[in-house]
Amino acid sequence: DREYNRSFKYATNAIKTSKYNFFTFLPLNLFEQFQRIANAYFLVLLVLQLIPEISSLSWFTTVVPLALVLTVTAAKDATDDINRHRSDNQVNNRKVEVLIDRKLRSEKWMDVQVGDIIKLENNQFVTADLLLLSSSEPLNLVYIETAELDGETNLKVKQALPVTGDLGDDIEKLADFNGEVRCEPPNNRLDRFNGTLAFAGQKYPLDNEKILLRGCTLRNTDWCFGLVLFGGQPGTKLMQNSGKSTFKRTSIDRLMNVLVLCIFGSLVFMCMILAIGNYIWEVKNGSNFTVFLQRKHSAGFSAFLTFWSYIIILNTVVPISLYVSVEIIRLGNSFYIDWDRKMYYSRSDTPAEARTTTLNEELGQIKYVFSDKTGTLTQNIMIFNKCSINGKSYGEIRRLTLKDPVDFSFNALADPRFVFYDHALVEAVKLENPEVHAFFRLLALCHTVMAEEKKEGELLYQAQSPDEGALVTAARNFGFVFRSRTPDSISIVEMGNQRSYELLAILDFNNVRKRMSVIVRSPEGKLSLYCKGADTIIYERLHQSCSKLMDVTTDHLNEFAGEGLRTLALAYKDLDEEYFSRWRERHHEASTSLEDKESKLDELYEEIEKDLLLLGATAIEDKLQDGVPQTIEQLAKADIKIWVLTGDKQETAENIGYSCNLLREEMKDIFIVSGHSPEDVRQELRNAQNSMKPDGAANSLLLTEEKSKNLIKDEEANGEYGLVINGHSLAYALESSMELEFLRTACLCKAVICCRVTPLQKAQVVELVKKYKKAVTLAIGDGANDVSMIKAAHIGVGISGQEGMQAVLSSDYSFAQFRFLQRLLLVHGRWSYLRMCKFLRYFFYKNFTFTFVHFWFAFFCGFSAQLGLEMSYWTAVNTFFVLGSLAMYFAVTFTMYSNGMFLIFPSAFPFIGTARNSLNQPNVWLTIILTSILCVLPVVTCRFLLIQLCPTINDKVRQARATPPPPPRRSRIRRTSSRRSGYAFSHAQGYGDLVTSGRFLRRPAVPRASGFPQVGRAATGFSPMGRSAGYSPTGRPQNLKVPDVEVTSLQMYRTFSDGDL
């Protein structure tokens, strides 16, 4: 009933990952861009330039570069968001058949509502979170692929309730279905679901086995019907685990914001100095210029206006071009990554791709790497290499042997891709060794693999885990072929004979049990329990008669583990018919119980899985990607810590840890945290801490204080340790009351592996490290289950592998193989980081040098806020320096650096902290000080020499006023000397005639008609004004009284009579 369900206002099935729409793009984007301090500063500067009283520059000098920066950034953001809109529209407009008005109608995904019944067909994506009602398969089974959710490509089985399975594909019955589902609210737990279905007066329990989650793909099933429980972005578990897209900023960006603030502070300081200088100059000298510069304001207000004028003139010290230049450098560094042939994977024709241009230099500061396992470290390909049967070891590792592979031509159903290198095992099978036959019979029966046979003899296995598929394939090649299964039977071919076993019970695997068992009845009526699992678990349940065999098998297991192989122990037990009948009844009661169902089943499993007889052990190689151990070793030398976050079980993750050198036998201890309560987990973490740092108990008291500071300091353990923690324990460890205990314990370890974790837990672990360690993090994965982790880390790397492109589409960088991470970090990351730090140093040096020209010029122009350089020159110099510096910088760095150097010396890699390396180096500050001195010293020196050697009139006036006059002294002038006339230095007629006539040089003071005040003129003497005022060509002191001679302020002459001569 769509109308009835609509009244509850459930969420729609539409999703939205875009950030903007047509109306919100401009305001939101501008708001984000003006969070950059430089952009906000230039916006304020633009407002100031519109005020005529203080502006010396045209407003377009700020508008043009600011508009260019904003436009380029907005275009880039718009392009990215348009792509997100297209992706959303593609998903929302997918079609699905919905039962409406008793008919199946094709509807868009976004129009599907909670309560609708929809029909899915083979290979279709599941539209929303559904309750499975019925399917085309026997017993209402469906097969789904969950790669989008947990990264696993194997098929999983879901089964509908029998009461809804009877509806089949009858449209009338489905339309009349009137059930009511009560369940838990939407959450992000992929592995659990609790609810009840009320139908036909009965209540039926619902669990995760009856739910199809959005993002899964229907496989090997013609059709199925489902009831929509949750829809869209807020409801489905897939979307709740996807995480949010966040704007990632590098530490260089944050450093630039801090530097811009500091530079702005220095700008304000310089402008205050100039404003004070203007005030002093106005008070002392300003009155001398009031004739031709009318004073409109007081000295104080003039200084205030001068302050803002110099804010505009000296704006070049705050560089708006810095962000543009940085983006250009980042773009160039991104091209280096795209063009790197050593990161190209020829098998899949996949080059490395820098999907973002803003995080390149951050690659050079990585401290923590969070990696998925399946498909990231491994190829997700399992190979059956060795086994131990009844105390005898068989098999060889392919890469370590020169033997010829076994010929399986005797078996028509053998998998041609399977390779084994020990002929003795084939001979034992052909000789019908009973232990060997029982060994492979167990492998053919004890599993949950689904078989698909499209053509006669062509079998395709779909396994829940790759190692299960490898074990069943091994049994197939050695003559025990798993052919098909139903919910109550398993059909196999034993040495050419078709046999069908009745499947009575499956005691499934989980993290606590660490084993799996099946109970079957053979065609002869014999009851048997077959069990496989971790060797430590199986050994605890063996019969006492197996002690000798157990010792021998243990030696073989240690040998296999030392070679990095994944091991399992195999055991069996014959059952009594009467006992099993009673046990089966209790099992049925426990499985239908609504309370303590799991604990009751565990008790029954423990009861029947004891007194087992050991058969042997298997050893499987999970093929790592090429170069993974070497890459991890190199990254460890560079002091980069690697954490593996995987959805696989603990044993799988541990074995891979050993294979890729993440866990090593040389480690003092490897701690396993698997508690099922907060108290147990806390105690296990503290025990681990005490083992690694016995004197660290007191430090644990500081965790609360460190939490308040949002920082956990680095600590050193008394050796090398590893940590393995299960998903259920991790859920407790990530609680706010325990997260610091977990983080401190994990950071003391050299390697950390988190098993059975959900996608959201992966993101939570990354966020925890980001929050308290203040370190740069990188997450790498290949599946949709890694998307939230990739989005949460500072840098996300996607591997284009077997599990689709979801991780790649959400990543910042992508390539095809894990080993390329070494080159991405140690080569491109280091290069980008060093280039950016050096560029910043040079850029600020250039800007300060250019700005100090105007600052220094202010002392020569009366602090009048005049430009020292013309605008055309200003623009030309800036353009030349920006473009020329970029070209020269790339040319020099490209020729000077060698990538091989950083592979040889990876210990020189750590460059954590941009401020420390770019600004705290003594040579940087020495360079700045010397450069400033060298820029100022030539001007000071030149000015000093000019005053001494070629003084101007003003200089001489200053010297005359500052120097006390010497006592007067008469002297004779030789007749042979040439007399220099005063007319060459006067604005009026010369005085040569007066000198030669012998008359005294006397001139009455004649007032001159002028509109100018008589400044500096004596009451009776003549005081000329102009460039010659105060100048003496004889070099004698001025303004001295000579007896009987009236001295002018122009120059001093003495006259003599002929008698004196």
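Fair warning: this is a prediction, and the values are worked out from it, not measured in the lab. (Residues numbered from 1 in each chain as written. Predicted model: local features only at pLDDT ≥ 70, side-chain atom pairs only at ≥ 80, totals over all residues. Heavy atoms only, no water.)

1. Side note on the overall build of the protein
A count of helical and extended segments in the protein gives 35 helices and 32 strands. Buried residues in the protein amount to 50% of all 1061 residues. When contacts within the protein are restricted to residue pairs at least 6 apart in sequence, those whose partners lie at least 24 apart make up 71%. For the protein, the exposed area adds up to about 52600 Å²; of that, 56% sits on carbon and sulfur atoms. (Helix = DSSP H or I, 4+ residues; strand = E, 2+ residues; numbered from the N terminus. Buried < 20%, exposed > 50% of the residue type's maximum accessible area, 1.4 Å probe, protein only. Contact = heavy atoms within 4.5 Å. Areas by Shrake-Rupley, 256 points an atom, 1.4 Å probe, with all protein chains shown as cover.)

2. Notes on the UniProt feature "binding site: Mg(2+)" (unreviewed entry) in the protein
Using the residue numbers shown here, the UniProt feature "binding site: Mg(2+)" (unreviewed entry) corresponds to D372, T374, D782 and D786. A maximum C-alpha distance of 10.8 Å is found for the annotated residues, which run over 415 residues; spatially they form one tight group. In this structure, T374 sits in the loop between β14 (366–371) and β15 (378–389). For T374, a relative accessible area of 10% puts it in the buried group. Among the secondary structure elements, D782 is positioned in the loop between β30 (776–781) and α27 (787–792). Judged by its relative accessible area of 1%, D782 falls in the buried class. A polar contact of 3.4 Å, which involves the side chain of D782, links it to the side chain of T376. (UniProt positions renumbered as here; feature names shortened; annotations may be inferred. Polar contact = N/O pair within 3.5 Å; in protein donor to acceptor, adjacent residues only side chain to side chain.)

3. Observations concerning the pattern of salt bridges
Tallied over the entire structure, the rule returns 32 salt bridges. For K19, the salt bridge goes to E32, with nearest N and O atoms at 3.6 Å. Taken together, the residues span a long stretch of sequence, with K19 in the loop between α1 (2–6) and α2 (25–33) and E32 in helix α2 at a distance of 13 residues. According to the relative accessible area criterion, E32 is partly exposed, its value standing at 32%. Ionic pairing is found between E577 and R521, a salt bridge with its closest N-O pair at 2.5 Å. Of the two residues, E577 is situated in helix α18 (residues 577–591) and R521 in strand β22 (residues 515–521); the sequence distance between them amounts to 56 residues. Classification of E577 by relative accessible area gives partly exposed; the value is 37%. Within the structure, one salt-bridge network assembled from shared partners comprises R515, E540, R541, E606 and E609. (Salt bridge = Lys/Arg side-chain N within 4 Å of Asp/Glu carboxyl O.)

4. As for the sheet that holds strand β8 (residues 195–199)
Read across the open sheet, the 3 strands follow the order β7-β8-β9; overall the sheet is antiparallel. Across the chains shown, the open sheet's two edge strands, defined by having one partner strand only, are β7 (180–183) and β9 (202–206). Within this sheet the neighbouring strands show an average axis-to-axis angle of 20°, counted without direction. Bridge count for β7 against β8 is 4 bridges, and the pairing is antiparallel. (Pairing = 2+ DSSP bridges. Axes fitted to C-alpha atoms, helices over the stretch in contact; angles between N-to-C directions.)

5. Some details on unusual backbone geometry
Of note in the backbone geometry, N123 takes a positive phi value of approximately 70° without being a glycine. Following the sequence through the fold, N123 ends up in the loop between β3 (117–121) and β4 (129–135). For N123, a relative accessible area of 45% corresponds to the partly exposed category. For F863, which is not glycine, the phi dihedral falls at a positive 55°. Along the chain, the position of F863 falls in the loop between α29 (820–857) and α30 (871–896). A relative accessible area of 10% means that F863 is categorised as buried.

6. Structural notes on the packing of aromatic side chains
One pass over the full model with this rule turns up 36 aromatic pairs. Geometrically, the ring pair formed by F370 and W643 is edge-to-face, given 5.4 Å between the ring centres and 80° between the ring planes. With F370 in strand β14 and W643 in strand β26 (residues 641–645), the pair connects residues that are 273 residues apart, well separated along the chain. Exposure remark for W643: the relative accessible area of 1% places this residue in the buried category. When the ring of F843 is compared with that of F844, the centres are 6.5 Å apart and the planes differ by 90°; the resulting orientation is edge-to-face. This pair shows no difference in class: F843 is buried, exactly as F844 is. (Phe/Tyr/Trp six-rings, centres within 6.5 Å; stacked < 30°, edge-to-face > 60°.)

7. Here's the deal with the sheet that holds strand β6 (residues 155–159)
If you trace the 3 strands from one edge of the open sheet to the other, you get β6-β5-β11, paired in antiparallel fashion. The sheet is open, and its two borders are formed by β6 and β11 (217–219), each paired with just one other strand. The average angle at which neighbouring strand axes cross in this sheet is 45°, direction not considered. As judged from the 3 bridges shared by strand β5 (residues 141–145) and β11, these two strands associate in the antiparallel manner. Within β11, the residue paired with I144 across the bridge is L218.

8. A look at a negative patch on the surface
Judged by side-chain charge, D596, E598, D602 and E603 come together as a negatively charged surface patch. Position of D596 among the secondary structure elements: in the loop between α18 and α19 (597–608). What makes D596 exposed here is its relative accessible area of 56%. (Patch = residues over 30% accessible without salt bridge, like charges linked within 9 Å, V, L, I, M, F, W, Y side chains within 5 Å. Lys, Arg positive; Asp, Glu negative; His and termini not counted. Charge placed at Lys NZ, Arg CZ, Asp CG, Glu CD.)

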